[in-house]
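Given next are the chains, with one letter for each unit.
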Amino acid sequence: MKLTLKIWRQKGADKKGQLESYNVEASEHMSFLEMMDVLNEELISKKEEPVAFEHDCREGICGTCNLVINGRPHGPQQGTTTCQLHMRHFKDGDTITVEPWRAKAFPVIKDLVVDRSSFDRIIQAGGYVSVNTGQAPDGNAIPIEKDTALSAFDAAACIGCGACVAACPNGSAMLFTSAKVAHLGKLPQGQVEHAARSKSMVDQMDTEGFGNCSNTGACEVECPKEISINNIAMLNRSYLSSIFGSNK
Amino acid sequence: MAGIELKSNVPAGELKQKWSDFKGTMNLVAPNNKRRIEVIVVGTGLAGASAAATLGELGYQVKAFTFHDSPRRAHSIAAQGGINAAKNYQNDGDSTYRLFYDTIKGGDYRSREANVYRLAEVSADIIDQCVAQGVPFAREYGGLLANRSFGGVQVSRTFYARGQTGQQLLIGAYQALSRQISTGQVSMYNRHEMLDLVKIDGKARGIITRNLLTGKLEKHAAHCVVLATGGYGNVFYLSTNAMGSNVSAAWRSVKRGALMANPCFTQIHPTCIPVSGDYQSKLTLMSESLRNDGRVWVPISQEDAAAIREGRKKGNDIAEDDRDYYLERRYPAFGNLVPRDVASRAAKVACDGGNGVAPTGLAVFLDFASAIERYGKAAAHSKNMTNPSAAEITAMGKEVVEGKYGNLFEMYEKITGENPYENPMKIYPAVHYTMGGLWVDYNLQTNVPGLFALGEANFSDHGANRLGASALMQGLADGYFVIPYTIGQFLSHEIRTPNISTDAPEFAEVEKNVQDRLDQLIAIKGNQSVESFHRRLGKIMWEYCGMSRNADGLKKGRQMIRELREEFYKDVFIPGEVAEFNPELEKATKVADFLELGEVMMCDALDRNESCGGHFREEYKSEEGEAQRNDKDYTYVSAWEWNETEPILHKEELEFKNVELKTRSYK
Amino acid sequence: MSLTGLFLISFLFVHLIGNLQLLANDGGESFNTYAYFMTQNPLIKTISYGLYFFIVLHAIQGLMIAATNRSAKGYKYSKKTKENASWSSKNMAMLGILVLAFLCIHMGDFWFKMKFGSLPMKSYAGFDAEVTDLFGRVMIAFQEWYIVLIYLIGLLALYFHLSHGFQSAFQTLGLNHKKYTPIIKGVGTLYSLVVSIGFAIIPLYIYINSL
C-alpha cells in the first residue's frame, strides 16, 4: 500500500517545527512502527536525517511509544498502543498525520519525542506505599477481596504513556494521577497514606503545569489500557477529604 | 590476564545453613559510614530498581542510571506469566528444597548449588514485600493469594497478576525507587547510557555515560558499581526483548576485565507469534500458560502442510487422523507441557521436516479446539443441560477459554488479524532470555573487585535452561534481598576510602577512549544502515548458534561475524553528530558490541561438546534425538575473557553435593 | 466550579417554573404578582444577590480555568478529531461565554427595565400593591423575531452547557457510583432538555400567538 505521511519535524526543543510530507510503501501486515522503520531506512539510504520517535517493547506494555495519529493518541483503534496498531487498519492511498504528544508539561525534545519526566515526579510526590524492604508481614496476613484486588489491578494497569494528557484538551494528567491513587487507595496496604497521597500528587501535578480536569472523558477513550475516569472521581473524593477532612 | 582464579566464595557449611550463617557473620557497614559511601546502579529493571531502592533505604548514597526516559520502561515490564516462590500456600508439597531442586534440574545441572538454594530461600520474602508495596496479585474468593502451575514442575507455586505480572512487580519496585528519589537517597539519571567502566587500582570506581539528550559524555564516580542491565537476546536481532535491550554495559565491563560466563546458553521460547516478513522488528511472546490447554500439532503429510502454507487449506480442514500431535506422541508423560528447550527443538524438527504451516514454513499449530469442547461439556454438565448441541458446547467452551486466556487471544488477533477461537494459533520458537551473563561469585561480585552484576545480566542461577516464572524471582531476589547484604563484604573494606573524584586521571583516560570510539563510528560515513548490519548479524546467529548447533556451522558462523564486523567498521552510515540527540548512534554502539559478543557466543558453543538445556549440539544426541549431556568433561562454567584474535576461556568447576546428576527425561 | 454550577442548575428550575406562568391566559396577573413577590420578599432578595454573586463567581472561575487549561495544552493538533469526547465537553468555556452574553441581554431587556426603566404599572383585584407590568414587556419583546432568535440561540448554548455540566459537577465532587452514575447522566440529559425546551416554549408560543 502507498501512503502519504505528514510528520511533525522539529530539530530541537527550542526550534520551530512543522509538518513535512513523505511517501512510503508499506505492507498491511506491518505494525505502524515497522512502517516508520521502513521510512527511516529510506531516509538513511538517502543520507537524510531519520524521524526521531520513541518505542521499546513493541508489545504494548512499556508505555514508551507515543504518536498522535490523525489527531488521536495511539491512533484509531480502541485499547491499543501505537506499537500494536497494524497497517491493515489503513487503506491504500491514505494520508496519515503523525504528531507528537501535545501538552505544556510534555515539551518536545525532537520530532515526535517528548519529555515525560513530569510523570516520574508525580509518582515521586507520593505514588508509593512507604514500606522498606524486609518490613513486610506475610503475604496472606491481610486477605483482600477478589473484586477489590481486580479493581485495584484495573487502575494499576496504567503504562504511563501519557495518552490521557495528549488526548485531554486541557493537557490534564488527572487520569494518570488518579490511576495511581486508586490503585493504592483501593488496597488495605495503601489506605494509610491515601488522603495525603492524593493531595501531594495533585499538588505536584499542578506544579508541573498540567491543566485541570473538565471531565471531557477523552482520556478514558484514548487510554490504551482503558482505565476508567471513575478513578478521577475517586481521586476528587480523597482530595476533597484531604482538604476538608484534615485537622492539620 | 593469564591465571585468573575464579573463586566462587561460597560460604562453608551445610547448604541449608550457608545463607543464614553468611548473614550472621558477614561484615557490616555502620550507618554513619553508609551515609558517605556512594554506589552506582546501572539499569532500573526489577533487579536494578529493587537494588537501588533497598540500598537507598539502608542509607547508601545511590546514583541510578537508565537509558530510558523513565525507570518504569525497563523490559522486566513485559514479563507475562508470573513469579515463583516456595510459599507452599497450596499445601501441595512445595518447599525451599523442591524449588531449589527443580531449578537445578531444569537448568540441566549447569548452575551453582549455593546460589540457587539461596534464591529458593528468599523467594518467599519477595512475595511478602511485593504485597506490602501494593502489587495486586491474583486472589482467591477467600481473599488469599492465588497460584498457578508452570512448565517443568509438579507443584503450583507461581504467583501472578493476570498476564502482566512483570509490569506489576516492576511498578512496585519503581515506586519504591521513586520514594527513595524523593527523599534524596537516590539520584536518578534518566536517558543516560553507560558507555564504559572506570577502574582505579583494579577496582570498579565509576562509569562514563552519555547524556542521550545532549550527546555529552559525563563521568560518574562511586565506591562500587552495580550492573543490572539485563540480557543480550537482541544479538539475534529478532527476539522477544525490547528494541533497546542490549549488552553494552556488560560488554564494556568485559573489555575492562570482567568475564562473560556461559554466553551460548540462550533460551528459545516455544510459543511466540511467527515471523511474518523481512520488515519485522521484533517477536511477541504468547505466555507459556497457553500450553496448559493448547495442543501443538502439524499435518502428518507434507502435501497438507504445503496446502496450508499456500492458503488453499486451513488448519480446521485437516482431519483428526491426519494430524501429528508430536509433543504428545514423543513425550507422553509431559505431553504439551515439556520444558521450553524441549518444546522448541521439537517444533524445529517438525518444520525442518517440511511440515510447517506458515507461508515461511516456520510455524506449528497451537490448537484450543479440544479445550473448548472439554470446557464446553463441563459447563453444560454443571448447568444440568441434557443433550446440549455442538454449537452450545462450543459457545460455552469459548467463554471459559476467554476467561482464562482472553487478553492473550486478543493480543494474538491484534497482531495477526486472525481469530484464534475459530482457527488454531500459529506459533514458532523465538529467542527470549539469556541464561549466560557476567561471571559472578556468591556475593554477585564479578572478578573485577567492586563490580557487581544482578538479574539477567549475571549467569548464576539458571544454568543451561531457565524455568518459567523464575526470571522475575531472580531479579527481585538479587535486588531486594541479596545485594543489600553481600555488597557489604566489599564496602566494609572501603569505609576509609574517601569519595572517589572524577578528576582522577583514569576517568579522563576512559572518557577519551569513549569519545574516540564515538568519533570513529560517526566518521565512517559509509553506505549501510546500522539496522541492516544488526539484521544480518541476527541471521548469522540464528542460523549457526540458534536452536541447534554443530561444530562446522559454529566455525563458519564465527568467521562470518568477523567479516561482518570488519564491514561494519568500513561501511556503516550514522547520520547526525555525536554531541546531540542521536538514536542511530545509540543503536550503532549497541550493534558494535553485539558484533563482538556474537563471536564469543560461537566460541563458547563450539567449546561445549555436549548438549545441555538451551545448548543443543547436533553431534551430541541420543538415538531418539534427545540432548546428551557430558558431565565428566563439561560440569564447569565457561568464563570468557575478551581477546580480539582468540577469546580466552577460564573455568569454574561446578560441584554438586546435594543433588544427583541425572538425565532429564520427559518421556 | 461544580458547587456554583449545581446552585445555578437548581436556580434554573425554579426560574422555569415561575416563568411558565407567562403562558397562563390571565392577562399577566399570576406572572406579574409572582414577579412582584420575587422582587419584594427579603429572603428572595438575599438569595438573588447570592445568585448574582454565584453567576459572576462561576463565570470568573470558569474563564480562569479555561485560560490555565489553554496554556497547559500549548499547541493544538493540526488534525482534529471528534471521536474521543463530546463537542459540548470540549467547548464549555465558549458555551459559557455565549450563555453569559445571552444573560446580559436577557437581564438588560427585562430585569434592568423593571428595576430602573419605566415600565407601566398595573393593579389586580385581590392584590394589594400596584405591580410592574413585566408581563406586558415580555409580550412586546417576543413579538420581534430577532429577539426570539437570540433567545433560541442562547437556550441552545445553555442546553449544551448543561448537558455536560450537570453530570460533570457530580464527577468533580467525586460522587461517582457504578449504579448511580448512569442515572445521573440520564437525569442530566433529561434536565437539560426540559429546561431548554421549557424556556424556549415561552418566546415561541408568544411569537406564534402574535402572528
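Residues numbered from 1 in each chain as written. Chains lettered and ligands numbered in written order. Predicted model: local features only at pLDDT ≥ 70, side-chain atom pairs only at ≥ 80, totals over all residues. Heavy atoms only, no water.

Peer 1: Account for the overall build of chain A, naming residues and giving values.
Peer 2: From N to C terminus, chain A includes 9 helices and 7 strands. Partitioning the intrachain contacts of chain A with sequence separation of at least 6 by distance along the chain shows that 67% fall at a separation of at least 24. Approximately 8,500 Å² of chain A is accessible, and the part contributed by carbon and sulfur atoms is 49%. Of the charged side chains in chain A, 25 are positive and 30 negative, and the gap between their average positions amounts to 4 Å. (Helix = DSSP H or I, 4+ residues; strand = E, 2+ residues; numbered from the N terminus. Contact = heavy atoms within 4.5 Å. Areas by Shrake-Rupley, 256 points an atom, 1.4 Å probe, with all protein chains shown as cover. Lys, Arg positive; Asp, Glu negative; His and termini not counted. Charge placed at Lys NZ, Arg CZ, Asp CG, Glu CD.)

Peer 1: Lay out the overall build of chain C with the relevant residues and their values.
Peer 2: Per the secondary structure count, chain C includes 8 helices and 2 strands. Along chain C, helices and strands appear, N-terminal first, in the series α-α-α-α-α-β-β-α-α-α. Summarising the internal contacts of chain C: among those between residues at least 6 apart in sequence, 75% fall at separations of at least 24. Carbon together with sulfur atoms contributes 71% to the accessible area of chain C, which is approximately 11,900 Å² in total. If the 15 positive side-chain charges of chain C are averaged to one point and the 8 negative ones to another, these points end up 26 Å apart.

Peer 1: Hey, could you go over the sheet that holds strand β4 (residues 72–73) of chain A for me, with residue numbers and the actual values?
Peer 2: In a beta sheet, neighbouring strands are held together by backbone hydrogen bonds and run either parallel or antiparallel to one another. Residues and elements named next belong to chain A. Strand order in the open sheet made by the 5 strands is β2-β1-β5-β3-β4, with mixed pairing throughout. In this open sheet, the two strands that pair with only one neighbour each are β2 (17–25) and β4. Against the sheet, helix α1 (residues 32–45) engages β1 (2–10), β2, β3 (68–69) and β5 (95–99), with an angle of about 95° to β2. (Pairing = 2+ DSSP bridges. Axes fitted to C-alpha atoms, helices over the stretch in contact; angles between N-to-C directions.)

Peer 1: Hey, could you go over a nonpolar patch on the surface for me, with residue numbers and the actual values?
Peer 2: All names here are of chain C. Among the surface-exposed residues, I105, W145, Y146, L149, I150 and I153 lie close enough to one another that they form a single nonpolar patch of about 590 Å² accessible area. It is helix α7 (residues 145–172) that contributes the most residues to the nonpolar patch, 5 residues altogether. For Y146, the position within the fold is in helix α7. (Patch = residues over 30% accessible without salt bridge, like charges linked within 9 Å, V, L, I, M, F, W, Y side chains within 5 Å. Salt bridge = Lys/Arg side-chain N within 4 Å of Asp/Glu carboxyl O.)

Peer 1: I'd love a proper account of the domain arrangement of chain A, names of residues and values included.
Peer 2: Residue and element names in this part refer to chain A. In terms of domain boundaries, chain A breaks down into domain 1 (2–99) and domain 2 (116–244). Summarising the inter-unit geometry, the C-alpha centres of domain 1 and domain 2 are found 30 Å apart. Listed by partner, the interface residues are 16 residues for domain 1 and 13 residues for domain 2. Summing both sides of the interface, domain 1 and domain 2 together bury roughly 1,000 Å²; the carbon and sulfur share of this comes to 48%. Ranking the residues of domain 1 by area buried against domain 2 places G63, P73 and G79 at the top, with a combined share of 39%. Scanning the region where domain 1 abuts domain 2 turns up 2 salt bridges. Between E54 and R116 there is a salt bridge, and its shortest N-O distance comes to 3.5 Å. At the junction of domain 1 with domain 2, the criterion picks out 4 residue pairs in polar contact (both at pLDDT 80 or more). (Domains from an automatic or database assignment. Buried area = accessible area lost by both parts, 1.4 Å probe. Polar contact = N/O pair within 3.5 Å; in protein donor to acceptor, adjacent residues only side chain to side chain.)

Peer 1: Help me get a handle on the interface of chain A and chain C, residues and values and all.
Peer 2: Frequently, the measure chosen for interface size is the accessible area removed from exposure when the parts meet. Counting residues at the interface gives 39 residues for chain A and 24 residues for chain C. In total, chain A and chain C occlude about 2,600 Å² of area from one another, counting both sides; carbon and sulfur atoms represent 48% of this. Viewed at the interface, chain C and chain A are joined by 1 salt bridge. Where E83 of chain C meets R72 of chain A, a salt bridge forms, and the shortest distance between an N and an O atom there is 3.1 Å. On the surface where chain A and chain C come into contact, there are 21 residue pairs in polar contact (both at pLDDT 80 or more). Secondary-structure elements contributing two or more residues to the side of chain A that touches chain C are β5, α4 (163–167), α8 (218–222) and α9 (230–244) of chain A. Take the side of chain A that touches chain C: its biggest share by element is 6 residues, from α9 of chain A.

Peer 1: If you had to explain the confidence of the model for chain C to someone new, which residues and values would you point to?
Peer 2: Model confidence for chain C is summarised by a mean pLDDT of 91, while 100% of its residues fall at 70 or above. For this predicted complex, the interface confidence comes out at an ipTM of 0.98, alongside a pTM of 0.95. (pLDDT = per-residue confidence, 0-100.)

Peer 1: Residue-level account of the interface of chain A and chain B, with values.
Peer 2: In this complex, chain A contributes 72 residues to the contact, which on the side of chain B involves 72 residues. Across the chain A to chain B interface the summed buried area is about 6,000 Å²; carbon plus sulfur atoms make up 52%. Three residues stand out in chain A for area buried against chain B, namely E59, T133 and F153 of chain A, and they jointly supply 12% of the buried area on that side. There are 5 salt bridges connecting chain A and chain B.

Peer 1: Outline the pairing of β1 of chain A, listing residues and values.
Peer 2: All names here are of chain A. Bridge count for β1 against β2 is 9 bridges, and the pairing is antiparallel. Across the sheet, the residue bridging to T4 is N23, located in β2. The antiparallel hairpin formed by β1 and β2 contains 6 residues in its connecting segment. Two strands pair when backbone bridges link them, and β1 and β5 are joined in this way by 4 bridges, in the parallel orientation. Bridge pairing in β5 links L5 to I96.

Peer 1: Got a sec to walk through the packing of helix α1 (residues 18–25) of chain B against helix α13 (residues 471–491) of chain B? Specific residues and values, please.
Peer 2: Residue and element names in this part refer to chain B. Interhelical geometry of α1 versus α13 gives an angle of 50° and a closest axis separation of 10 Å. Viewed along their axes, α1 and α13 adopt a mutual orientation that is oblique. Judged by the twist between their axes, the crossing of α1 over α13 is left-handed. Only F481, V482, Y485, T486 and Q489 of α13 make contact with α1, whose side of the interface consists of W19, F22 and K23. A per-class count over the contact of α1 with α13 returns 5 nonpolar, 2 polar and 1 charged. (Parallel < 35°, antiparallel > 145°, perpendicular 65-115°, else oblique. Left-handed = near helix turned anticlockwise from the far one by under 90°. Nonpolar A, V, L, I, M, F, W, Y, C, P; charged D, E, K, R; others polar.)

Peer 1: I'd like a description of unusual backbone geometry, backed by residues and values.
Peer 2: The residue R58 of chain A is not glycine, and still its phi comes out positive at about 55°. With respect to the helices and strands, R58 of chain A occurs in the loop between α1 and β3. Its identity is not glycine, yet K525 of chain B carries a phi of approximately 45°, on the positive side. Secondary-structure assignment places K525 of chain B in the loop between α14 (505–523) and β18 (528–529).

Peer 1: Please provide a residue-by-residue account of the pattern of salt bridges, values included.
Peer 2: Residue and element names in this part refer to chain B. Applying the stated criterion across every chain yields a total of 67 salt bridges over all chains. Two residues, R629 and D108, come together in a salt bridge whose shortest N-O distance is 2.7 Å. On the criterion of sequence distance, the pair formed by R629 in the loop between α17 (583–607) and α18 (631–634) and D108 in the loop between α4 (96–106) and α5 (113–133) is long-range, its members being 521 residues apart. Judged by relative accessible area, R629 falls into the buried class, the value being 17%. Notably, a salt bridge pairs R110 with E610, separated by 2.9 Å at the nearest N-O pair. On the criterion of sequence distance, the pair formed by R110 in the loop between α4 and α5 and E610 in the loop between α17 and α18 is long-range, its members being 500 residues apart. With respect to burial, R110 and E610 carry one shared label: buried. (Buried < 20%, exposed > 50% of the residue type's maximum accessible area, 1.4 Å probe, protein only.)

Peer 1: Residues and numbers for the arrangement of the chains, please.
Peer 2: In this assembly, 2 pairs of chains are in contact, and the pair contributing the most contacts is chains A and B. Taking C-alpha atoms only, the smallest gap left between chain B and chain C, which are not in contact, amounts to 21 Å.

Peer 1: I'd like a description of the state of the cysteines, backed by residues and values.
Peer 2: Residue and element names in this part refer to chain B. Counted under the stated rule, the structure contains 0 disulfides over all chains. The cysteine C264 is free of any disulfide, with C545 supplying the nearest cysteine sulfur at 6.3 Å. Judged by relative accessible area, C264 falls into the buried class, the value being 0%. (Disulfide = S-S within 2.5 Å.)

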